[in-house]
Amino acid sequence: YEDNYDAIEAIFKRLERSEILNPEMHEIYLGWGYILSELAYITSDIATYQASIEKFSKVSELNPSVVEHSQSWGTNLLMLAKLTEKVSYNSQALEQLEISERFYSTSVYNLACAYTRLGQIEKAKSKLVICKENNTLPPKEFLLNDADMSFFYDTPWFEELVASLE
């Protein structure tokens, strides 16, 4: 990130100019939200996650039929819940991830995480099975270190799921 600080700042300045020139163009906010989302992931910065969510929210405000950002929006909310320890973000994440599922029905790992956080264990399991069947589970090492999966640790069901990834 630090090596590319000037380039990133230049991109943000261009986006700000684009926003001034075309404030009703949802694509500006969509791209901006994705860039902020990636930057937030790299830096674990709460304010950057919040900024990405604001941009995604603006996309929905300008064009409610655009939903491709729901997966990133929901994932960012899950990260905010973890970083800020505000559980209300989990419910918001669930809402966005359920929207995403309607369009990306096989990429539902983060939806499983949201269900787990909200105590909806059977729904979480069903989403993990969908991921397994469609080869969209994260790598085994990730699963074994994901706090959202800790409920399943030491259960035969999860052990079998993880073993099937070898």
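Quick caveat: nothing in here was measured; it's all calculated off a predicted structure.

*Asks:* Got a minute to help me understand the overall build of the protein chain in this structure?
*Replies:* Within the protein chain, the secondary structure is distributed over nine helices and zero strands. Going residue by residue from the N terminus, the α and β elements of the protein chain occur as α-α-α-α-α-α-α-α-α. With the principal axes as the frame, the protein chain shows a C-alpha extent of 55 × 35 × 30 Å. Counting all 166 residues of the protein chain, 39% fall into the buried class. Considering only residue pairs separated by 6 or more positions, the protein chain has 52% of its internal contacts joining residues 24 or more positions apart. Of the roughly 9,400 Å² of accessible surface on the protein chain, a fraction of 51% belongs to carbon and sulfur atoms.

*Asks:* I would appreciate a short explanation of helix H3 (residues 46-62) in the present structure.
*Replies:* Helix length check: H3 (17 residues) gives 25 Å between terminal C-alpha atoms against 24 Å at 1.5 Å per residue, within 8%. Considered for burial, the residues of H3 that qualify are Thr-48, Tyr-49, Ser-52, Ile-53, Lys-55, Phe-56 and Val-59. Within H3, the buried residues cover an arc of 160° as seen down the axis, which keeps them to one side. For H3, the exposed residues set more than 90 degrees away from the buried face come down to Glu-54 and Glu-61.

*Asks:* Quick question: what am I supposed to make of the packing of helix H6 (residues 109-117) against helix H7 (residues 121-133) here?
*Replies:* When two helices pack together, their arrangement is given by the angle between the helix axes and the distance between those axes. Here H6 crosses H7 at 165°, and the two axes come no closer than 8 Å. With respect to H7, the axis of H6 lies roughly antiparallel. Considering how the two elements wind past one another, H6 and H7 form a crossing that is left-handed. For the pair formed by H6 and H7, the contact residues are Tyr-109, Leu-111, Ala-112, Tyr-115 and Thr-116 on the first element and Ile-121, Lys-123, Ala-124, Lys-127, Leu-128 and Cys-131 on the second.

*Asks:* Please clarify how the pattern of salt bridges should be interpreted in this entry.
*Replies:* As a working rule, side chains carrying opposite charge can pair if their charged atoms are close by. Enumeration over the complete set of coordinates arrives at three salt bridges. For the salt bridge of Glu-101 with Lys-127, the shortest nitrogen-to-oxygen distance reads 2.4 Å. Placement of the pair is Glu-101 in helix H5 (residues 88-101) and Lys-127 in helix H7, with a sequence separation of 26 residues. Among the residues examined, Glu-101 registers a relative accessible area of 18% and is labelled buried. Here Arg-117 ties to Asp-148 by a salt bridge, and the two come within 2.8 Å at their closest N and O atoms.

Conventions and cut-offs
- Counting starts from 1 at the beginning of each chain's written sequence and moves along it residue by residue.
- pLDDT decides what is reported in this predicted model: residues at 70 or higher carry local features, side-chain atom pairs at 80 or more are listed and counted, and totals for whole chains, interfaces and linings draw on all residues regardless.
- As a rule here, side-chain values come from all non-hydrogen atoms in the structure, and water together with hydrogens is ignored.
- Numbering of helices and strands runs from the N terminus, with a helix taken as a DSSP run of H or I at least four residues long and a strand as a DSSP run of E at least two residues long.
- Only protein chains enter the accessibility calculation, which uses a 1.4 Å probe; a residue is then buried when its area is under 20% of its type maximum, exposed when over 50%, and partly exposed in between.
- Contacts were defined at the residue level, with two residues in contact if any of their heavy atoms lie within 4.5 Å.
- The accessible surface values rely on the Shrake-Rupley method and a 1.4 Å probe; as for residues, cover is taken only from the protein chains in view.
- One less than the residue count of a helix, multiplied by 1.5 Å, gives the span that helix is expected to have.
- Arc definition: directions from the helix axis to the C-beta atoms.
- The axes used here are C-alpha line fits, helices contributing only the stretch in contact, and every angle between their N-to-C directions lies in the interval 0 to 180 degrees.
- Roughly parallel means an angle under 35 degrees; roughly antiparallel means over 145; roughly perpendicular covers 65 to 115; every other angle is labelled oblique.
- By definition, any crossing whose near helix is turned counterclockwise from its far helix by less than a right angle is left-handed, and any crossing with a clockwise turn is right-handed.
- Salt bridges are identified by distance alone: a Lys or Arg side-chain nitrogen within 4 Å of an Asp or Glu carboxyl oxygen.

Distances and angles like these do not, on their own, reveal function.
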